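Below, each chain spelled out in residue letters.
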Amino acid sequence: MRSSQAVLDFQGRKTTHDQLIKQWRISIAPTLLFFGPGGKEVAERMEGGYLPDFYGPYLEERMLKGRQAL
């Protein structure tokens, strides 16, 4: 998560994992983000560990919202 490994951002610019984490204001792992065109978040992010019984339904809800936004 805090790696200096090179990656490309949504605009095709070279950056690092660490820079993206700071840009997206991620402070806990796991964090799931749901992106649409241009790197816009299209559903509420999931931060931290959810209760196992509810993780699947929360994930399905976010994925549905993300698909609807596309």
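These figures come from a predicted structure and were not determined experimentally.

Student: Kindly report on the packing of aromatic side chains, identifying the contributing residues and their values.
Tutor: Enumeration over the complete set of coordinates arrives at four aromatic pairs. For the pair Trp 24 and Phe 35, a centre-to-centre distance of 5.0 Å together with 45° between the ring planes defines the contact as tilted. On the criterion of sequence distance, the pair formed by Trp 24 in the loop between α1 (17-23) and β3 (31-35) and Phe 35 in strand β3 is long-range, its members being 11 residues apart. Ring geometry for Phe 54 against Tyr 58: centres 6.3 Å apart, planes inclined by 35°, an arrangement best described as tilted. Of this pair, Phe 54 and Tyr 58 both sit in helix α2 (residues 52-69), separated by four residues, roughly a single helical turn. Given the relative accessible area of 43%, Phe 54 is considered partly exposed. Taken together, the ring pairs in this structure connect Phe 10, Trp 24 and Phe 35 into an aromatic cluster.

Student: Can you break down the pairing of β3 residue by residue, with the values?
Tutor: Where β3 and strand β4 (residues 41-47) come together, four bridges link them in antiparallel fashion. Paired with Phe 34 across the two strands is Ala 43, which belongs to β4.

Student: Can you break down the confidence of the model for the chain residue by residue, with the values?
Tutor: For the chain, the mean per-residue pLDDT works out to 91, and 99% of the residues sit at or above 70. Confidence, read as mean pLDDT per element, is least for α2 in the chain (90) and greatest for strand β2 (residues 14-16) (96).

The rules behind the values
Note that residues are indexed from 1 along each chain, following the sequence as it is written. Owing to the predicted nature of the model, reporting of local features is limited to residues with pLDDT of at least 70; listing and counting of side-chain atom pairs is limited to 80 or more, with chain, interface and lining totals taken over all residues. Working from all heavy atoms in the structure, the side-chain values ignore hydrogens and water. Centre distance within 6.5 Å is the pairing criterion for rings of Phe, Tyr and Trp, where only the six-membered ring of Trp is used; planes under 30 degrees apart are then read as stacked, over 60 as edge-to-face, and the remainder as tilted. The helix count covers DSSP runs of H or I at least four residues long, the strand count covers runs of E at least two residues long, and both are numbered beginning at the N terminus. In this scheme, a residue with accessible area under 20% of its type's maximum is buried, one over 50% is exposed, and one in between is partly exposed, where area comes from a 1.4 Å probe on protein chains only. Note: two strands are recorded as paired if DSSP finds a minimum of 2 bridges between them. Confidence of the predictor in every single residue is expressed as pLDDT, which spans 0 to 100.

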